[in-house]
Amino acid sequence: MVDLATPVAAGTGRSRAATGSPGAHAARRRRLFWPFVLPALVLYVVFLVLPTVATVVLSFSSWAGAGDTPDFNGLQQYRRMFASPSFQYSFVNTLIYVLVGGIGTFVLAFLFTMVLRDLRGNRMIRAILFFPNIVAPVALGMFLGFVFKFQPSGQGLANVLLEAVGIGPVKFLQAEHVTWVVMGALIWAGAGFYITILMAAVDRIPPDLYEDAELAGASPWQKFRHVTLPLTWDVVGVAGVLWTIGAIKIFELVFVLAGPGTYSPPIRSWTLGIYVFDRSFGTVGAPEYGAACACAVVMIVLVSVLVLALRRLMRREAIRY
Amino acid sequence: MSGRPAVAIASLVSLLAAGCGSGGTGSENALPGTEEYLSSPCPEVAVKPSGTEFTYWSMWTKDEPQGKVLQHAFDCFKEKAGVTVNVQWLGRKLLTQNVAPALNTDNVPDLIDQDISQIKAAVVEPGGTQGLDDVLSMKVGEGDRTVADVIPAAYYDIPQNKDKDGKIFVVPYEVLSNAWWYDKDQVTNFTPPKTFDELFAAFDRSKQAGRAAIAHDGDINFYNAYYFTQLATRYVGPGGLVKAAEDRTGELWRTEPGLLKSAQIVERIAKGGYLIDGWDAAKFPQIQQRWADGEADFLFVGSWGPSETREYLTKQGSDKKINYGSFQFPMPEGATYDIVEQLPIGFAVTAKADHAEPAKAFIAYFLNKELLRGIPTVADNITPRPDLDVPDDLKDVKAALDDPQKAHNLFMDGLDGLFGGTYVDNVFYPADNDLLSGKITAQEFVDRMATGTAEYWRVHG
């Protein structure tokens, strides 16, 4: 799109169009601008922009979406939402996943980038670390339900291991603990993805920089701090944005691990994604699309704010090498 | 978008879960009478409609026992009345995922089915159904007997089955109920308790025998709610809990002594160590499977309990056969309403239906004894008709339902369907979960309910 737009923006072709040569070329390109852009633009507007606008509009209404017409009632959905414990839990939990989960994932990813470069067979290790990503989160959640089983007559794998090292069994899936179990699962499943991205950036760093650091007697931490991190900073920023967007819409793993998988789990484990689902399809009653839309708007705002904040935080002069 | 896989899982799991007891879904679990029923001759129709087709969106899947029973009835209806039924087998989530969105269009099904609570909340509230009082006077094909003659009013003439105009919107063909379950071969010398002291004495005996007293899947909110709501409605009567939930000041929770007394019994269950270790840290249906394995003596769930646990044992390849016994909660001291909980499942006709007439004629036809007996015979479930066979495991439950001394009340007094589920999610379930897990006392529970209810109404106006 940028390439197509350039001649128009430059506005150079108009007078030279008649004389042939580059001007004629530019004019032809200009004529082709809308025919090429329009289909994409129409699809984008119809399937992304309009639904987003509709979401915002409907968030000011009460609508069951079952033959009734939306009843516009101003800020009522927002007032009710902010006052409801289910939303408060959802909001706080989502933030916990974004921040604590993000820190956990990146610390783990950085640790691996520190050691992986020097390890033999590091490509194989990277592939293995990536494996959890190819499993659907729902399947992962159901599987972990067995791993974290608490049953004195036949414990799940996690408790068998804990008992083997002399620590008693833990009730992992209790409502109070389940957020942290999900957090662990997320970090475990997500770290491989970010390790892959970060290692791709690390691979681009000229090896002589590391050799130089080694000759100077740098420790792995110093190499990471003074070589790896500054030279992968822009990639870390993008990875951070990806994590934030992914974490704000966390849904399946929590839904399946914290509840029976059939009905919404107890509200203390909810995330914003679960709140939206519950208000749309999770109740026994008519959907409350107005309430779901209000929460979706909060999610959009939250993503925007966090991503902007992150980009601001990560803004550095790019280092060229 | 991220909801999709979970929805698939949800509908998949819901076949097994509490939505309904469906019995075995595959032919390997088919009951002995299945073949005989499916090849039995079709009864004559009493009401011959002028229409020749209608559309039915089903809460069942095609291979489920209920799906097979209904398909047999459709074949018969085609043969005897010349009406073709266009079926879509959609599963339990059809109301919110299929029917409600379709109501925005003119392409609606004529006939739908689900339990009364769900149809009311998802379709009746936005005005999507029509009254079915006229079906009550239709003949079912057994001489002059009408629908009202064969189905006792207690199953349909209830406040929760009335639309805005006071008309009924569901005609039931299957009924779910609930009970305490035990294995007669494991809990021997046992007679169903008449008082709570007897019930707790039985629990204590289980503990002395080295087993847990109660198995309970604690990750399903409304399973956790059963104890309190069963007891509370015995004090406050049908509709009493809804009244407490609707009290704008919340004070009813404090001033109605029966609510505190009910909570005290739940507190006694919680603090007495009767619940099986790990009940609050498991995923459904792990705990009811532990009951089936004999780790605990008693299990309180719906009438789907036997079919689900039997299916588990079959799939495990276990030789164990449970000799199912069941009983209702005894009357707590000072309570005056002898309650048996029910959840009728039945047909509703949409308001926009193009073929309401043949759809209604089919409702009456399906209630014919020869067709409806497929529900107990093939699907191992209870029907609202008192004159049909009852699966052995469910005889006690059915006897409780047919007992004229007992008042029928909807599961949980219908609390879960109120206000789009927001009241139970935000106020009732969190407090009730804490009560059952012994984190709060009965007094703290009613206090929390009072302030929580008042706060809920402050926000919801």
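See the structure shown above.
For chain B, the count of helices and strands is 20 helices and 11 strands. The C-alpha radius of gyration computed for chain B amounts to 22 Å, which stays within 12% of the reference 23 Å derived for 461 residues, consistent with globular compactness. With the principal axes as the frame, chain B shows a C-alpha extent of 60 × 55 × 50 Å. Relative to its 461 residues, chain B shows a buried fraction of 64%. The contacts of chain B with a sequence gap of at least 6 include a subset with a gap of at least 24, amounting to 79%. Of the accessible surface of chain B, which amounts to about 16,300 Å², a share of 49% is contributed by carbon and sulfur atoms. One way to put it: in chain B the 43 positive side-chain charges average out to a point 1 Å from where the 65 negative ones average out.

With that out of the way, let us pick up the pairing of strand β9 (residues 324–327) of chain B. Residues and elements named next belong to chain B. Residues Tyr324 and Ser326 point to one face of β9 and Gly325 and Phe327 to the other, with burial holding for every one of them. Relative to β9, strand β6 (residues 171–183) runs antiparallel, the two sharing 4 bridges. When the sheet's bridge partners are listed, Trp180 is paired in β9 with Phe327.

Oppositely charged side chains can pair when the atoms bearing their charge come close. Scanning all chains against the criterion turns up 37 salt bridges over all chains. Taking the shortest distance from any N to any O, the salt bridge between Asp387(B) and Arg145(B) comes out at 3.7 Å. Residue Asp387(B) is found in the loop between α17 (374–377) and α18 (395–402), and its partner Arg145(B) is found in strand β5 (residues 145–146); the two are separated by 242 residues along the sequence. Taking the relative accessible area as the measure of exposure, Arg145(B) reaches 33% and is therefore partly exposed. Glu455(B) serves as the salt-bridge partner of Arg458(B), at 2.9 Å between the closest nitrogen and oxygen. Taken together, the residues span about one helical turn, with Arg458(B) and Glu455(B) both in helix α20 (residues 442–460) at a distance of 3 residues. On the basis of relative accessibility, which here comes to 59%, the residue Arg458(B) falls in the exposed class. Residues joined in a network through salt bridges with shared partners are Glu176(A), Asp434(B), Lys439(B) and Arg448(B).

Before going further, it helps to spend a moment on the packing of aromatic side chains. All names here are of chain B. Enumeration according to the criterion identifies 74 aromatic pairs over all chains in this entry. Relative to Tyr274, the ring of Phe203 has its centre 5.5 Å away and its plane inclined at 50 degrees; by these criteria the two rings are tilted. With Phe203 in helix α8 (residues 196–208) and Tyr274 in the loop between α12 (257–271) and α13 (286–292), this residue pair connects regions lying 71 residues apart in the sequence. Taking the relative accessible area as the measure of exposure, Phe203 reaches 0% and is therefore buried. On the basis of relative accessibility, which here comes to 7%, the residue Tyr274 falls in the buried class. With a centroid separation of 6.4 Å and 90 degrees between ring planes, the pair formed by Trp253 and Phe445 is classed as edge-to-face. In this pair, Trp253 sits in helix α11 (residues 252–255) while Phe445 sits in helix α20, placing the two residues 192 residues apart along the sequence.

Within the structure shown, the criterion is met by 1 disulfide over all chains. Bridging Cys42(B) to Cys76(B), the disulfide has an S-S length of 2.1 Å. On the sign convention where negative means left-handed, the S-S torsion of about -75 degrees between Cys42(B) and Cys76(B) marks this disulfide as left-handed. Note that Cys42(B) is positioned in the loop between α2 (34–38) and β1 (53–58) and Cys76(B) in helix α3 (residues 65–81), a separation of 34 residues in sequence. The burial state of Cys42(B) is the same as that of Cys76(B); both residues are buried. The closest cysteine sulfur to the non-disulfide-bonded Cys293(A) is located on Cys295(A), 10 Å from its own sulfur.

Residue and element names in this part refer to chain B. As for its position among the elements, Asp217 is in the loop between β7 (212–215) and α9 (221–236). For the buried Asp217, no salt bridge is present, and the opposite-charge side chain at shortest range is Arg290, 8.4 Å distant. Polar contacts involving the side chain of Asp217 include one to the main-chain amide nitrogen of Ile287, which spans 3.0 Å. Not counting residues up to four positions away in its chain, the partners in contact with Asp217 are Tyr223, Asn224, Trp279, Lys283, Phe284, Pro285, Gln286, Ile287 and Gln288.

Let us look at the interface of chain B and chain A. Opposite the 49 residues of chain B that make contact, chain A presents 51 residues. Taking both sides of the interface into account, the surface hidden between chain B and chain A amounts to around 4,000 Å²; carbon and sulfur atoms contribute 57%. Counting the surface chain B buries against chain A, the share from its top three residues, Ala281(B), Lys283(B) and Asn426(B), is 14%. Counting every contact that joins chain B to chain A gives 4 salt bridges. For Lys439(B), the salt bridge is made with Glu176(A), and the minimal N-O distance between the two is 2.3 Å. On the surface where chain B and chain A come into contact, there are 11 residue pairs in polar contact (both at pLDDT 80 or more). Breaking the side of chain B that touches chain A down by element, the ones donating at least two residues are α1 (3–14), α4 (94–102), α5 (116–124), α9, α13, α19 (422–436) and α20 of chain B. If you tally residues by element for the side of chain B that touches chain A, the top one is α1(B), at 8 residues. The class makeup of the residues in the side of chain B that touches chain A is 21 nonpolar, 18 polar and 10 charged.

Reading the values: rules and limits
Residues numbered from 1 in each chain as written. Chains lettered and ligands numbered in written order. Predicted model: local features only at pLDDT ≥ 70, side-chain atom pairs only at ≥ 80, totals over all residues. Heavy atoms only, no water. Helix = DSSP H or I, 4+ residues; strand = E, 2+ residues; numbered from the N terminus. Rg over C-alpha atoms; globule rule 2.2 N^0.38 Å. Buried < 20%, exposed > 50% of the residue type's maximum accessible area, 1.4 Å probe, protein only. Contact = heavy atoms within 4.5 Å. Areas by Shrake-Rupley, 256 points an atom, 1.4 Å probe, with all protein chains shown as cover. Lys, Arg positive; Asp, Glu negative; His and termini not counted. Charge placed at Lys NZ, Arg CZ, Asp CG, Glu CD. Pairing = 2+ DSSP bridges. Salt bridge = Lys/Arg side-chain N within 4 Å of Asp/Glu carboxyl O. Phe/Tyr/Trp six-rings, centres within 6.5 Å; stacked < 30°, edge-to-face > 60°. Disulfide = S-S within 2.5 Å. Polar contact = N/O pair within 3.5 Å; in protein donor to acceptor, adjacent residues only side chain to side chain. Buried area = accessible area lost by both parts, 1.4 Å probe. Nonpolar A, V, L, I, M, F, W, Y, C, P; charged D, E, K, R; others polar.

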